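Spelled out from the first residue to the last, the chains are:
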Amino acid sequence: MANSEILISVIVTAYNIENYLPRCLDSLLRQSYKPLEIIVVDDGSTDDPPGICDRYAGKHENITAIHRENGGPSAARNAGLKIAKGTYIGYVDGDDWVEPDMYRDMLKACLDKNAEIAICTYRQVGEGAEEIHPTGNVIELTREEALELYISGHEQYHIYHSVWSKLFKREIIAEIDFLEGRKSEDIMYSTMALVRASKCVFLDTPYYNYMVDRADSIMNSKLAERRFQDEIPFWKEQIAYLKKEGFQELADKATYQFYRRMLFYYWNW
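Residues numbered from 1 in each chain as written. Predicted model: local features only at pLDDT ≥ 70, side-chain atom pairs only at ≥ 80, totals over all residues. Heavy atoms only, no water.

Caption draft 1: Highlighting the environment of Gly 86. Structurally, Gly 86 can be placed in the loop between α3 (73-83) and β4 (88-93). Taking the C-alpha atoms as reference, Gly 86 lies 4.7 Å from Ser 9; in sequence the two are 77 residues apart. Not counting residues within four places of it along the chain, the set of residues in contact with Gly 86 comprises Leu 7, Ser 9, Glu 37 and Arg 170. (Helix = DSSP H or I, 4+ residues; strand = E, 2+ residues; numbered from the N terminus. Contact = heavy atoms within 4.5 Å.)

Caption draft 2: Geometry of the pattern of salt bridges. Using the criterion set out here, one finds 15 salt bridges in the structure. Taking the shortest distance from any N to any O, the salt bridge between Asp 43 and Arg 68 comes out at 3.0 Å. Of this pair, Asp 43 sits in strand β2 (residues 36-43) while Arg 68 sits in strand β3 (residues 63-68); the two residues are 25 residues apart in sequence, bridging distant segments of the chain. Here the residues in one salt-bridge network are Arg 77, Asp 93, Glu 185 and Asp 186, joined through shared partners. (Salt bridge = Lys/Arg side-chain N within 4 Å of Asp/Glu carboxyl O.)

Caption draft 3: Local environment of the packing of aromatic side chains. The tally for this structure, following the rule as stated, stands at 15 aromatic pairs. Ring plane angle 75 degrees and centroid distance 5.2 Å describe the contact between Phe 258 and Tyr 259, whose orientation is recorded as edge-to-face. Linked through ring pairs, Tyr 122, Tyr 160, Trp 164, Tyr 208 and Tyr 210 together constitute an aromatic cluster. The ring of Tyr 91 has Arg 77 sitting right over it, with the charged end atom 5.8 Å from the ring centre. Stacked on the ring of Phe 178, the Lys or Arg Arg 77 has its end atom at 5.1 Å from the ring centre. (Phe/Tyr/Trp six-rings, centres within 6.5 Å; stacked < 30°, edge-to-face > 60°. Lys NZ or Arg CZ within 6 Å of the ring centre and 35° of its normal.)

Caption draft 4: Structural context of helix α2 (residues 49-59). For α2, every residue scored as buried is listed here: Pro 49, Gly 51, Ile 52, Cys 53 and Tyr 56. Structurally, α2 contributes buried residues whose contacts are with β1 (8-14), α1 (21-29), β2 and β3. (Buried < 20%, exposed > 50% of the residue type's maximum accessible area, 1.4 Å probe, protein only.)

Caption draft 5: Fine view of the nonpolar core. Tyr 91, Ile 117, Ile 173 and Tyr 189 are the most contacted members of the largest nonpolar core, which has 46 residues in total. Counting 39 residues, the second largest nonpolar core, distinct from the first, contains Val 12, Tyr 56, Ile 63 and Tyr 207. (Core = buried A, V, L, I, M, F, W, Y, C linked by side-chain atoms within 4.5 Å.)

Caption draft 6: Inspection of helix α9 (residues 248-268) at higher detail. The terminal C-alpha atoms of α9 lie 30 Å apart, and with 21 residues this matches the ideal 30 Å at 1.5 Å per residue to within 8%. Restricting attention to buried positions, one finds in α9 the residues Leu 250, Ala 251, Ala 254, Gln 257, Phe 258 and Tyr 265. Looking straight down α9, one finds that the buried residues subtend no more than 115 degrees of arc, so they occupy a single side. In α9, the exposed residues that point more than 90 degrees away from the buried face are Glu 249, Tyr 256, Tyr 259, Tyr 266 and Trp 267. (Expected span 1.5 Å × (residues − 1). Arc of directions from axis to C-beta.)

Caption draft 7: Looking closely at the environment of Gln 156. Its place among the elements puts Gln 156 in the loop between α5 (143-152) and β8 (166-169). Distance from Gln 156 to Thr 205, taken between C-alpha atoms, is 11 Å for residues 49 residues apart in sequence. Beyond its immediate chain neighbours, meaning those up to four positions away, Gln 156 contacts His 133, Pro 134, Thr 135 and Asp 204. A polar side-chain atom of Gln 156 sits 3.0 Å from the main-chain carbonyl oxygen of His 133. (Polar contact = N/O pair within 3.5 Å; in protein donor to acceptor, adjacent residues only side chain to side chain.)

Caption draft 8: A look at the environment of Ala 75. Here Ala 75 shows up in helix α3. A relative accessible area of 3% places Ala 75 in the buried class. Placed 83 residues apart in sequence, Ala 75 and His 158 show a C-alpha to C-alpha distance of 27 Å. For Ala 75, the contacting residues outside a window of four places in its chain are Arg 68 and Glu 180.

Below is the structure:
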């Protein structure tokens with residue numbers, strides 16, 4: 001199958017982000033890769049995203065709008081995935097935006113390297129954004145190498161747990177759902193996807209632009225509560241999952257990183 005015949009589905013979650021959603025959708029419409037299905041899920045917004053979703057869907061055949069009662073980003077992503085038709089799946093948060101060649105280059109990397117997941121560097125935008133120095137390198141990773149980078153980290157090639165920095169081959173995530181009713185759900189989703197993939201490819205180019213200064217965002221609200229109720233349990237679930245799947249050494253490294261996080265949280269508070 002030629003590249004131009006492969007459909008990519010991108011699922012966009014939107015909740016009370018009327019000032020940001022048009023920029024996000026416009027960035028997807030400007031993608032250089034055209035077989036692109038855009039599914040934007042309005043998660044019970046109380047401002048204008050429902051109208052924005054419908055206006056864009058009415059003007060563009062490749063955009064589908066879903067409206068649902070508020071259930072959080074996990075439920076919204078699951079709803080979008082249920083109707084997605086693509087061979088490859090991407091996720092975007094509606095207050096962020098992507099560079100024009102993101103999905104073209106990530107798909108090409110998957111096909112060239114015979115990889116099931118492509119992972120890219122991202123750029124933080126806003127007050128407190130961290131400076132990055134991307135190399136433009138494209139790195140092949142075995143399952144074990146990808147999990148090592150994800151768990152232990154790397155000074156240059158950093159695999160973040162959020163799904164928006166990744167392009168997944170559909171068959172890899174076919175039986176993985178986002179756990180609804182909890183935040184930080186990407187931790188286990190990415191862990192399970194990386195375990196199921198035989199090969200990944202890392203693109204050290206910042207294709208994704210991530211907003212870090214929205215005071216009303218889910219990531220910034222009730223930080224301590226989110227860490228206790230969601231992050232800490234998910235990191236512990238990650239350790240147990242790696243043990244169950246036979247990755248004992250990686251589980252030990254994940255345990256070490258867990259205690260490092262606990263120390264950081266303690267000093268941070």
